[in-house]
Amino acid sequence: MRPAPFAVSVLATLLLVAGCARQPPRAAAPVPDLTAPARAAFGDHMELYQGKPVTTLEKDFGPPSRQRPASDGGTIAIWSRKGEAMVDGKAVAQDCEVTAFVDPAGIVSGIFGGGNIIYCAKVFVPPAAVRDSAGGLYSGPQIGTLPPPGF
């Protein structure tokens, strides 16, 4: 038995209408995180000091900006850097602090940073570890090749 011509034309019309229906808009591609390379370089570099004598930090960063006793008998040492960056022709304050928890034996038991992450990477990570945006993103950490304190 053949389908009635009317049924075929209704079916064809429905398929045509379904094909022309508006498709939902596609989600926009996520915006790339421009701070990711700096965060990776900074985090990996700071991790190198974990379990090392605090003198390694002092050799690379100079003496701490301030320190205080910790409840476990060790020390909390903080290295601070402040500067400016030009953004759209205006000077914008930049800052970064590295805080190290040092056990009573003088070994770094924890370390973290705070502030503007791009500035932190600039002043606390060797230049070779964070490449410029034209040359790639990240080449890995290394100890002992930091910019001088106050850079």
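Preceding this section is the structure that the text describes.
This report concerns the structure included in the present document. (Residues numbered from 1 in each chain as written. Predicted model: local features only at pLDDT ≥ 70, side-chain atom pairs only at ≥ 80, totals over all residues. Heavy atoms only, no water.)

1. Details of the packing of aromatic side chains
Tallied over the entire structure, the rule returns 4 aromatic pairs. The interplanar angle of 75 degrees and the centroid separation of 4.9 Å between the aromatic rings of F61 and F124 together place this pair among those described as edge-to-face. With F61 in helix α3 (residues 54-61) and F124 in helix α4 (residues 117-124), this residue pair connects regions lying 63 residues apart in the sequence. Of the residues examined, F124 reaches a relative accessible area of 0% and is grouped as buried. (Phe/Tyr/Trp six-rings, centres within 6.5 Å; stacked < 30°, edge-to-face > 60°. Helix = DSSP H or I, 4+ residues; strand = E, 2+ residues; numbered from the N terminus. Buried < 20%, exposed > 50% of the residue type's maximum accessible area, 1.4 Å probe, protein only.)

2. Re the pairing of strand β1 (residues 66-69)
Two strands pair when backbone bridges link them, and β1 and strand β2 (residues 75-87) are joined in this way by 4 bridges, in the antiparallel orientation. Considered in β2, the bridge of R66 is made with I78. Taking the residues that link successive antiparallel strands as the turn, the β1-β2 hairpin has 5 residues, and the phi of G73 there is positive, at about 95 degrees. (Pairing = 2+ DSSP bridges.)

3. Focus: the nonpolar core
Nonpolar side chains in soluble globular proteins generally cluster together in the buried interior. Within the largest apolar cluster, 23 residues are counted, with the highest numbers of intra-cluster contacts made by F42, M46, L57, F61, W79, I111 and F124. Broken down by element, the residue count for this core peaks at 6 residues, all from α4. If near-sequence neighbours (up to four positions away) are discounted, M46 is found in contact with F61, V98, I111 and F124. (Core = buried A, V, L, I, M, F, W, Y, C linked by side-chain atoms within 4.5 Å. Contact = heavy atoms within 4.5 Å.)

4. A look at the pattern of salt bridges
Summed over all chains, the structure comprises 1 salt bridge. A salt bridge links R66 to E97, with the nearest nitrogen and oxygen atoms 2.8 Å apart. Residue R66 is located in strand β1, and its partner E97 is located in strand β3 (residues 90-102); the two are separated by 31 residues in the primary sequence. Here R66 falls in the partly exposed class, since its relative accessible area comes to 40%. Judged by its relative accessible area of 28%, E97 is partly exposed. (Salt bridge = Lys/Arg side-chain N within 4 Å of Asp/Glu carboxyl O.)

5. Quick notes on the side chain of D60
Assignment of secondary structure puts D60 in helix α3. Comment: no salt bridge for buried D60; closest opposite-charge side chain is K59, at 4.2 Å. Reaching out from D60, the side chain makes a polar contact with the side chain of Y49 at a distance of 2.4 Å. (Lys, Arg positive; Asp, Glu negative; His and termini not counted. Polar contact = N/O pair within 3.5 Å; in protein donor to acceptor, adjacent residues only side chain to side chain.)

6. So, the sheet that holds β3
The 4 strands are arranged β1-β2-β3-β4 in an open sheet whose pairing can be described as antiparallel. Every other strand in the sheet has two partners, leaving β1 and β4 (108-115) as the edge strands with one partner each. Across the sheet, the mean angle separating the axes of adjacent strands is 20 degrees when strand polarity is ignored. Where α3 meets the sheet, it contacts β2, β3 and β4, and its direction lies at approximately 25 degrees from that of β2. (Axes fitted to C-alpha atoms, helices over the stretch in contact; angles between N-to-C directions.)

7. Comments concerning the state of the cysteines
The term disulfide refers to a covalent linkage connecting the sulfur atoms of a pair of cysteines. A complete count under the given rule lists 1 disulfide for this structure. The partner cysteine of C96 in its disulfide is C120, sulfur to sulfur 1.9 Å. Across the disulfide from C96 to C120, rotation about the S-S bond amounts to roughly 110 degrees, and the bridge is consequently right-handed. Of this pair, C96 sits in strand β3 while C120 sits in helix α4, and the two are 24 residues apart along the sequence. (Disulfide = S-S within 2.5 Å.)

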